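Given next are the chains, with one letter for each unit.
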Amino acid sequence: MKYALVTGGSRGIGRAVCLSLAEMGYKILINFQSNVQEAEKTLELIREKGSDGELMQFNVSKKQEVESVLGAWIEKNEDKTIEVLVNNAGIRKDNLLMWMTEDEWHNVLDISLNGFYYITRLVVKGMLVKKYGRIVNVVSLSGIKGMPGQTNYSASKAAIIGATKALAQEVGRRGVTVNAVAPGFIVTDMTKDINEKDFKSLIPLARFGTAEEVANVVSFLASDKASYITGEVISVNGGLYT
Ligand code: NAP
């Protein structure tokens, strides 16, 4: 049985990725932090697509939680393979650097960057044994270009871009690809405080993107069609100059 693990799969881009991978025939492990109701909704939508999955609640930034939930699942399910890992969970805590609190700095870095580390090191082992795997990291335009008010978020996403390129070189010989997708402005809960009208004139395609438009690229990179692409960062941003 082939599984895909999507962190932050309860809402937004993560949910759209879960559905897209379900259409490809994967069973989905839906990670989320606290929103059980939305995670259950994702599972229901996956079932409507004819696939299935499991809820996997843990905070990606807490090593103990990752090990006791995901680590235990991997140990108990030796007959099952996590073939696709999408590191998508992330938060924003914007502030100018001079006002940024230690919590704002550490929470963003812990979830994005440490979460990537705790989860990927557990999952990549099985991929290396099976000599096949697809890892897709959801980063951001902010990690390429840098955005004022987002030094924490930009730093976390830029770090994952570096990690994507390094890991791709470590695991390529074993048939594992590692890529990143960098969305621009996408309509989700994360951007509900940003007024599309104020920003759309900056975007060549003159609108915010949808979670499905990001998921299309993630699922392409997770598919056999992307077999000769690794260490890449693909922007999905409506043409915003990066
Ligand atoms: P969202 O709608 O706010 O959803 C965030 C998801 O991450 C939820 O499923 C949430 O779970 C989960 N999550 C948050 N903290 C977590 C933690 N510590 N442990 C486990 N899960 C956690 O966000 P989104 O817009 O879909 O963003 C998804 C990814 O895309 C993020 O990495 C974000 O940085 C990136 N991105 C988004 C945009 C955009 O414009 N929206 C642009 C560029 C990049 P709960 O439901 O349990 O809270």
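Structural data are supplied above this passage.
Residues numbered from 1 in each chain as written. Predicted model: local features only at pLDDT ≥ 70, side-chain atom pairs only at ≥ 80, totals over all residues. Heavy atoms only, no water.

Draft legend 1. Region of interest: the site of the ligand. Taken together, 32 residues form the shell around the ligand, and within it S10, S34, N88, Y153 and T188 come nearest. In this structure, I186 approaches the ligand through a main-chain N or O atom, which is 2.8 Å from an oxygen atom. One of the side-chain N or O atoms of T188 is found 2.5 Å from an oxygen atom in the ligand. Contact with the protein chains hides 96% of the accessible area of the ligand, taken as 910 Å² for the molecule alone. Elements that contribute at least two residues to the shell around the ligand include exactly α1 (12–23), β2 (27–32) and α6 (151–171). Partitioned by chemical class, the residues of the shell around the ligand number 14 nonpolar, 15 polar and 3 charged. (Near = heavy atom within 4 Å. Polar contact = N/O pair within 3.5 Å; in protein donor to acceptor, adjacent residues only side chain to side chain. Areas by Shrake-Rupley, 256 points an atom, 1.4 Å probe, with all protein chains shown as cover. Helix = DSSP H or I, 4+ residues; strand = E, 2+ residues; numbered from the N terminus. Nonpolar A, V, L, I, M, F, W, Y, C, P; charged D, E, K, R; others polar.)

Draft legend 2. Fine view of the pattern of salt bridges. All told, the structure shown has 10 salt bridges when counted by the stated rule. Measuring nitrogen to oxygen at the nearest pair gives 2.7 Å for the salt bridge that ties K49 to E23. Of this pair, K49 sits in the loop between α2 (36–48) and β3 (53–57) while E23 sits in helix α1, and the two are 26 residues apart along the sequence. Taking the relative accessible area as the measure of exposure, K49 reaches 40% and is therefore partly exposed. For E23, a relative accessible area of 54% gives the class exposed. (Salt bridge = Lys/Arg side-chain N within 4 Å of Asp/Glu carboxyl O. Buried < 20%, exposed > 50% of the residue type's maximum accessible area, 1.4 Å probe, protein only.)

Draft legend 3. Region of interest: α2. The first and last C-alpha atoms of α2 sit 18 Å apart over 13 residues, in line with the 18 Å expected at 1.5 Å per residue. For α2, the set of buried residues is A39, T42, L43, L45 and I46. Projected down its long axis, α2 carries its buried residues within an arc of 160 degrees, all on one side. Structural note: α2 exposes Q37 and E48 on the side pointing more than 90 degrees away from its buried face. Where α2 is buried, its residues contact α1, β2 and β3. Positioned one or two residues after α2, G50 has a phi angle of 90 degrees, which is positive. (Expected span 1.5 Å × (residues − 1). Arc of directions from axis to C-beta. Contact = heavy atoms within 4.5 Å.)

Draft legend 4. Spatial organisation of unusual backbone geometry. With phi around 55 degrees, K131 is a residue other than glycine that occupies positive phi space. In this structure, A206 takes a positive phi of about 60 degrees despite not being glycine. The topology assignment puts A206 in the loop between α7 (196–199) and α8 (211–221).

Draft legend 5. Inspection of the sheet that holds β3 at higher detail. Within the open sheet, the 7 strands sit side by side as β3-β2-β1-β4-β5-β6-β7. Their pairing is parallel. Looking at the sheet topology across the chains shown, the edges are occupied by β3 and β7 (233–236). Between one strand axis and the next, the sheet turns by 20 degrees as a mean value, whatever way the strands run. Here strand β4 (residues 81–87) pairs with strand β5 (residues 133–138) via 4 bridges, running parallel. Among the inter-strand pairings, N87 is bridged to a residue of β5, identified as N137. With respect to the sheet, α8 is in contact with β4, β5, β6 (176–183) and β7, its orientation differing from that of β6 by roughly 165 degrees. (Pairing = 2+ DSSP bridges. Axes fitted to C-alpha atoms, helices over the stretch in contact; angles between N-to-C directions.)

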